[in-house]
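Architecture and fold: a report
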Amino acid sequence: MTTYTNFPFVNATCVNVSSLNHTSINVTELNITSQNLYSLNYTGINVTHVNLTQLNVSYVNSTFYNYSIAEGHMVNVSHVNVTDFLVSYVNVSCIAYNSTNVTSVNLTHVNVTNLNYTGVNVTMFNATLQNVSYVNSSMIELLLVNVSFSYSNYSNVTIVNATLFNVSSTNHTSVNVLAVNMTLVDISNVNYTGLNVTLHNATLFNVTFSNSSLGNTTYHNVTAAFLVFNNSVFSNMSFVNTTLMASQFVDGSSYNLSLVNSSLYHIQVGGHQAELLFLSNSTAKNVTLADSVVLSATTSNVTFIFAQSVDSLLDLLVLTNSTFHHSVVNASRVNVFDFEDIIIANSTTSSDSKIKLYNPKKKVFKRISSLDHVPKSFKDDLSVLLEYPSLAEEFVPLNLTALEASRPTLNSLSVC
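Residues numbered from 1 in each chain as written. Predicted model: local features only at pLDDT ≥ 70, side-chain atom pairs only at ≥ 80, totals over all residues. Heavy atoms only, no water.

A word on the overall build of the chain. Within the chain, the regular secondary structure consists of two helices and 23 strands. Residues classed as buried in the chain amount to 45% of the 416 residues present. When contacts within the chain are restricted to residue pairs at least 6 apart in sequence, long-range pairs at least 24 apart make up 7% of them. When the accessible surface of the chain is summed, it comes to about 18200 Å², and 53% of that surface belongs to carbon and sulfur atoms. (Helix = DSSP H or I, 4+ residues; strand = E, 2+ residues; numbered from the N terminus. Buried < 20%, exposed > 50% of the residue type's maximum accessible area, 1.4 Å probe, protein only. Contact = heavy atoms within 4.5 Å. Areas by Shrake-Rupley, 256 points an atom, 1.4 Å probe, with all protein chains shown as cover.)

In structure tokens, the structure reads:
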């Protein structure tokens, strides 16, 4: 067992060195190169590295406290069963860095690049990550609590079994990212860019995207409550087997947005422009479209209950095997290009709304002002059934208070 206390190292090279139960206290190292270094049960307290190079270095069952590295270069470095307190990396590049069973508290990374990083069972509490990148990397069993990202980048990254609580990102970019078995609670994303991102088997609670861009994004088997997209742009985004509750799309625009085998409850869309919207085999209850534009939308096997369109334009709609029940069109224009087997029941339109329907197969063009007073011939053409049994008793309004009370917690997930 060795102990270095108040000991400076300058211009040193260590090759083929192993240590057991080594302790460094109040140590400053300048221009150090370590190669083939293995440390077991290492403890570093108040240690500062400046211009550090590490090649084939391993720390096992070790503890770092008030430990900093500035201007570092690491290749094939491994931390196994390590605990970090007040650790800072500034201007550090890492290649083939491995973290296994690592817990970090009050961590700071600034200008850190990770290539071929592998993280297994990694926990971060109170971390600040600025201009940090992960490329060709994988993360398994990840827990982040009170973590802030800014100007960070994930490229070709796979994440499995991750839990994020109170995490914020600013100017974060994700490209070619696969995330599986995720829990996201109280997440804020500002100026986020996502391209080719897949989220599979996830729970989202109070997640916000502001001024963000999402392209080629898929949410699959996702349950989301209080999901908010604010002034954001979507391109080729799909929700599959997804449930959205108490969520909002505010301002922004979307192109080729699809929902398949999904459920929407208490959804508000305001000031949004959507082009090529596709809904299939889904249910939408208490959905409000306000001050928005929808161009070229298609519904197939979709049930709308308590749906509203207010001060909006819906143009070039194609409706197939869909039901509109207890729905309202208010101060809006609706142009249906094609329809088949549509059921409209117990629904109303305002006097300042305009609805036009055209069926190219039958060459039928109709204009109506009130769905409650449809002429019989028009009813025959559209298969509109005004006497369709009421579904009101089947609709239970979403209890937002109860939903808020269902917020996931660390304890509920048996995470410590």
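Resuming the write-up.
To continue, consider the pattern of salt bridges. Following the criterion strictly, the structure yields two salt bridges and no others. Among the ionic pairs, D186 bridges to R407, the shortest N-O distance being 2.3 Å. Of the two residues, D186 sits in strand β8 (residues 173-190) while R407 sits in the segment after α2 (400-405), which places them 221 residues apart along the sequence. Residue class for D186 comes out partly exposed when judged on its relative accessible area of 25%. By relative accessible area, which is 25% here, R407 ends up partly exposed. A salt bridge links R407 to E404, with the shortest nitrogen-to-oxygen separation between them at 2.6 Å. (Salt bridge = Lys/Arg side-chain N within 4 Å of Asp/Glu carboxyl O.)

Time to look at the packing of aromatic side chains. Each pair of aromatic rings is reported with the distance of its centres and the angle of its planes. Inspection of the entire model under this criterion finds 17 aromatic pairs. For the pair F149 and Y154, a centre-to-centre distance of 6.2 Å together with 90° between the ring planes defines the contact as edge-to-face. Classification of F149 by relative accessible area gives buried; the value is 7%. Here a set of aromatic residues connected by ring pairs shows up, and it is made of Y97, Y117, Y134, F149 and Y154. (Phe/Tyr/Trp six-rings, centres within 6.5 Å; stacked < 30°, edge-to-face > 60°.)

Right, let's get into the nonpolar core. Ranked by size, the top nonpolar core spans 92 residues in total, and within it I159, M182, L204, Y219, L227 and F229 carry the most contacts. Here this core takes 14 residues from strand β4 (residues 43-95), the largest share from any one element. Beyond its immediate sequence surroundings of up to four residues, L204 is in contact with L184, L199, Y219, V222, T223, A224, A225 and L227. The next biggest cluster of nonpolar side chains, apart from the first, holds ten residues, and it includes V145, F165, A225 and M245. (Core = buried A, V, L, I, M, F, W, Y, C linked by side-chain atoms within 4.5 Å.)

As judged from the 15 bridges shared by strand β5 (residues 98-115) and strand β6 (residues 118-150), these two strands associate in the parallel manner. Within β6, the residue paired with V110 across the bridge is Q130. The sheet contact formed by β6 and strand β7 (residues 153-170) spans 15 bridges and is parallel. Bridge assignment links F149 to a residue of β7, and that residue is S169. (Pairing = 2+ DSSP bridges.)

The next thing to look at is a nonpolar patch on the surface. A contiguous nonpolar surface patch, about 260 Å² in accessible area, is contributed by L55, V75, I95 and L115. In terms of residues, the nonpolar patch owes the most to one element, β4, which gives three residues. With respect to the element layout, L115 can be found in strand β5. Overall, L115 belongs to the partly exposed group, its relative accessible area being 33%. (Patch = residues over 30% accessible without salt bridge, like charges linked within 9 Å, V, L, I, M, F, W, Y side chains within 5 Å.)

As a further point, take the confidence of the model for the chain. Here the chain shows a mean pLDDT of 87. Residues at 70 or above account for 87%. Note on residues 368-394: pLDDT is under 50 here. Beyond four places in sequence and across chains, it has 48 contacts. (pLDDT = per-residue confidence, 0-100.)

Okay, the environment of T243 next. Summarising the element assignment, T243 is placed in strand β12 (residues 243-250). The spatial distance from the C-alpha of T243 to the C-alpha of Y265 is 7.9 Å, given a sequence separation of 22 residues. With residues near it in sequence (within four places) discarded, T243 still touches V222, T223, A224, S263 and Y265.

Quick look at a negative patch on the surface now. Residues D251, D291, D311 and D352 make up a contiguous surface patch of negative charge. Secondary-structure assignment places D291 in the loop between β15 (273-290) and β16 (293-305). Taking the relative accessible area as the measure of exposure, D291 reaches 56% and is therefore exposed. (Lys, Arg positive; Asp, Glu negative; His and termini not counted. Charge placed at Lys NZ, Arg CZ, Asp CG, Glu CD.)

Glancing now at the environment of E275. In this fold, E275 is placed in strand β15. Among the residues examined, E275 registers a relative accessible area of 34% and is labelled partly exposed. Considered as a pair, E275 and L295 are 20 residues apart in the sequence and their alpha carbons are 4.6 Å apart.

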